[in-house]
Amino acid sequence: MMNQRQRYARNDDDRVKQSGRPPTGQRVCFSFLVNAGQPQPAGDCRAKGCELWDYDGKTYLDFSSQLVNVNLGYQHPRVLAAMKEQLETLVTIAPATANLARGEAAKRIIGLAPEGFSKVFFTNAGADANENAIRMARMYTGRDKVLSAYRSYHGNTGSAIAATGDWRRVPNEYSRGHVHFFNPYLYRSEFNATSEQEECRRALAHLRRMIECEGPSSIAAILLESIPVRRAFWCRRKAI
Ligand SMILES: Cc1ncc(COP(=O)(O)O)c(C=O)c1O
């Protein structure tokens, strides 16, 4: 009996033969397949709003907005129009080169940021952003330690994966100075709490003790997901 992974691989091969579409299951190395347990069914799919259709036309309601990165919905016409316009103007620009679109994006981000922020450093992705944030905190403070939560994911690069709390970190701990703490999560409370308030109070007391024990003057940064990964589907989407 074939498992789901093998079925997708076989289906991919059949489809390649029939349609000339690119294969996924057999030749593509999927990130975090060990954690996910199976290739994503989305392969060559289509999507609109919060719905995805796979190869076979099966519909999925996407509560997690992929990796929480298409929060405005798939194929939003205003997003597509802006992307098309930029693609027709200029497809890429080197990091050190001034560019109007990047300048405008920086201006708008600073407009939304708390007081005191005056510059934006654009990175390629989330892991890259966290990697640079950790480096900046260490350079600025002259300290080493970075605290982060066990229930967290911060990316797949050197420091970002070491800062990550979940098990993907364990075979990849080559970056030094990372310390983890338990964040509040009433559903599987580490603090024997019975209410959200109690869970938060006890989690904060645990974090305070950790900071005292680690030595506050050795800590460069605390890295926190404002919305811990995979829980974003609890939030309501806002239309643009
Ligand atoms: C909370 C969080 N931080 C960081 C990352 C890493 O982002 P990227 O995959 O863009 O490097 C992710 C990606 O899933 C994430 O969910």
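In this report, the structure presented in the accompanying data block is examined.

Conventions adopted
Residues numbered from 1 in each chain as written. Predicted model: local features only at pLDDT ≥ 70, side-chain atom pairs only at ≥ 80, totals over all residues. Helix = DSSP H or I, 4+ residues; strand = E, 2+ residues; numbered from the N terminus. Expected span 1.5 Å × (residues − 1). Contact = placed C-beta atoms within 7 Å. Buried ≥ 20, exposed ≤ 12 C-beta atoms within 10 Å, placed from the backbone. Pairing = 2+ DSSP bridges. Axes fitted to C-alpha atoms, helices over the stretch in contact; angles between N-to-C directions. Core = buried A, V, L, I, M, F, W, Y, C linked by C-beta atoms within 7 Å.

With that settled, consider helix α6 (residues 126-141). Its 16 residues place the ends of α6 22 Å apart at the C-alpha level, agreeing with the 22 Å of an ideal helix rising 1.5 Å per residue. For α6, the secondary structure elements touched by its buried residues are β4 (145-149), α7 (158-163) and β6 (219-223). After α6 finishes, the residue Gly 142 shows a positive phi value of roughly 70°.

Attention now moves to helix α5 (residues 100-112). With 13 residues, α5 should reach 18 Å at 1.5 Å per residue; the first-to-last C-alpha distance of 19 Å fits that figure. With zero of 13 residues buried, α5 lies mostly on the surface of the structure.

Moving on to the pairing of β4. Burial analysis of β4 places five of its five residues in the buried class, which makes it a mostly covered element. One ladder, built from four bridges, connects β4 with β6; its direction is parallel. By the bridge assignment for β6, Leu 147 is matched with Ile 222. The sheet contact formed by β4 and strand β5 (residues 178-181) spans four bridges and is parallel.

The next point concerns the sheet that holds strand β1 (residues 46-48). The three strands are arranged β1-β2-β3 in an open sheet whose pairing can be described as antiparallel. Looking at which strands have only one partner, the edges of the open sheet turn out to be β1 and β3 (59-61). Neighbouring strand axes in the sheet, compared pairwise and without regard to direction, differ in orientation by 20° on average.

Next up on the list: the nonpolar core. Counting 12 residues, the largest nonpolar core is built from Ala 127, Ile 134, Val 146, Leu 147, Ala 149, Ala 160, Ile 161, Ala 162, Ala 163, Phe 181, Ala 220 and Leu 223. Residue assignment for this core shows that the elements contributing at least two residues are α6, β4, α7 and β6. Of the residues forming this core, the biggest block, four residues, is contributed by α7. Those residues in contact with Phe 181 that sit more than four places away from it in its chain are Leu 147, Ala 149, His 206, Leu 207 and Met 210.

With respect to the helices and strands, the residue Lys 119 is situated in the loop between α5 and α6. For Lys 119, a count of 8 C-beta atoms within 10 Å translates into the label exposed.

If you walk across this open sheet you meet the three strands as β5-β4-β6, and the pairing is parallel. Lying at the two open borders of the sheet, with one neighbouring strand each, are β5 and β6. Each adjacent strand pair in this sheet contributes to an overall mean axis angle of 25°, direction not counted. The strands touched by α6 within the sheet are β4 and β6, with β6 carrying the most contacts at an inclination of about 150°.

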